[in-house]
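Coordinate analysis (summary)
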Amino acid sequence: MDRRQKKTREAILKAFTSLLSEKKFNHITVEEIINKADVGRATFYAHFPTKDFLLKELCVELFEHIFKSHEEKGNSHTGIFNCDAPDSIFLHLFTHIKRNDNNILQLLISDNTDLFLEYFKSNFSSLISSGIVQFNHEKPKDLPDDFWVNHISSCFMETVKWWIKNDVKLPPEKITEYFVLSV
């Protein structure tokens, strides 16, 4: 992707996340996104075939940022997610959620929760499958790898839901500690 395409893509993502602070996903129209991003309809569809695909790409953007930050062992400014990346992938994710970066909390609590959580879990599972995330204990030998990845991903998703249900009161460090102790 050339620089111009990348800037356009980021403008659309930023317009979308800005609109999320104003309304629920289901009430945002493509027309509102293209007006806020100041791009044409054909340009929008050249980057994102549907509004749901745009939602999926926001999730991908977050996980690419997390993965790249971990690979580079530090601060990674990729796309629309910027931060001083902590060493722990879990802490990194929980920190972005706590800060509500790019209105990610609205996606986790809105009407489209199932769709976003499906994308979120899929990307999280890929992170685990890549071997980037290590746990203090070994996987039981009799468990298939795909079951183990699903188990860890499901536990993470339920932890996120519980944390949000409790108004994200715990600091990211504490919820990370709880999660790591529980899996």
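Residues numbered from 1 in each chain as written. Predicted model: local features only at pLDDT ≥ 70, side-chain atom pairs only at ≥ 80, totals over all residues. Heavy atoms only, no water.

All right, on to the confidence of the model for the protein then. Looking at the protein, the pLDDT average stands at 82 and 83% of residues meet or exceed 70. Mean pLDDT in the protein bottoms out at helix α6 (residues 104–109), which sits at 72, and peaks at helix α2 (residues 30–37), which reaches 97. (pLDDT = per-residue confidence, 0-100. Helix = DSSP H or I, 4+ residues; strand = E, 2+ residues; numbered from the N terminus.)

Let us look at the pattern of salt bridges. Applying the stated criterion across every chain yields a total of 8 salt bridges. Here E61 ties to R9 by a salt bridge, and the two come within 2.7 Å at their closest N and O atoms. Highlighted residues: E61 in helix α4 (residues 51–71) and R9 in helix α1 (residues 3–20), separated in sequence by 52 residues. Among the residues examined, R9 registers a relative accessible area of 13% and is labelled buried. The partner of K174 in a salt bridge is E177, with the nearest N and O atoms 3.4 Å apart. On the criterion of helical spacing, the pair formed by K174 and E177 is a turn pair, its members being 3 residues apart in helix α9 (residues 172–182). (Salt bridge = Lys/Arg side-chain N within 4 Å of Asp/Glu carboxyl O. Buried < 20%, exposed > 50% of the residue type's maximum accessible area, 1.4 Å probe, protein only.)

Here we come to the packing of aromatic side chains. Enumeration over the complete set of coordinates arrives at 11 aromatic pairs. Measuring from centroid to centroid gives 6.0 Å for F16 and F25, while their planes differ by 85 degrees, and the two rings are edge-to-face. No difference in accessibility class separates F16 from F25, as the two residues are buried. When the ring of F44 is compared with that of Y45, the centres are 5.1 Å apart and the planes differ by 90 degrees; the resulting orientation is edge-to-face. We classify Y45 as partly exposed; its relative accessible area is 37%. Through pairs of rings, three or more aromatic residues link up here, namely F90, F94, F120, F124, F156, W163 and F179. The side chain of K51 reaches across the aromatic face of F25, ending 4.4 Å from its centre. (Phe/Tyr/Trp six-rings, centres within 6.5 Å; stacked < 30°, edge-to-face > 60°. Lys NZ or Arg CZ within 6 Å of the ring centre and 35° of its normal.)

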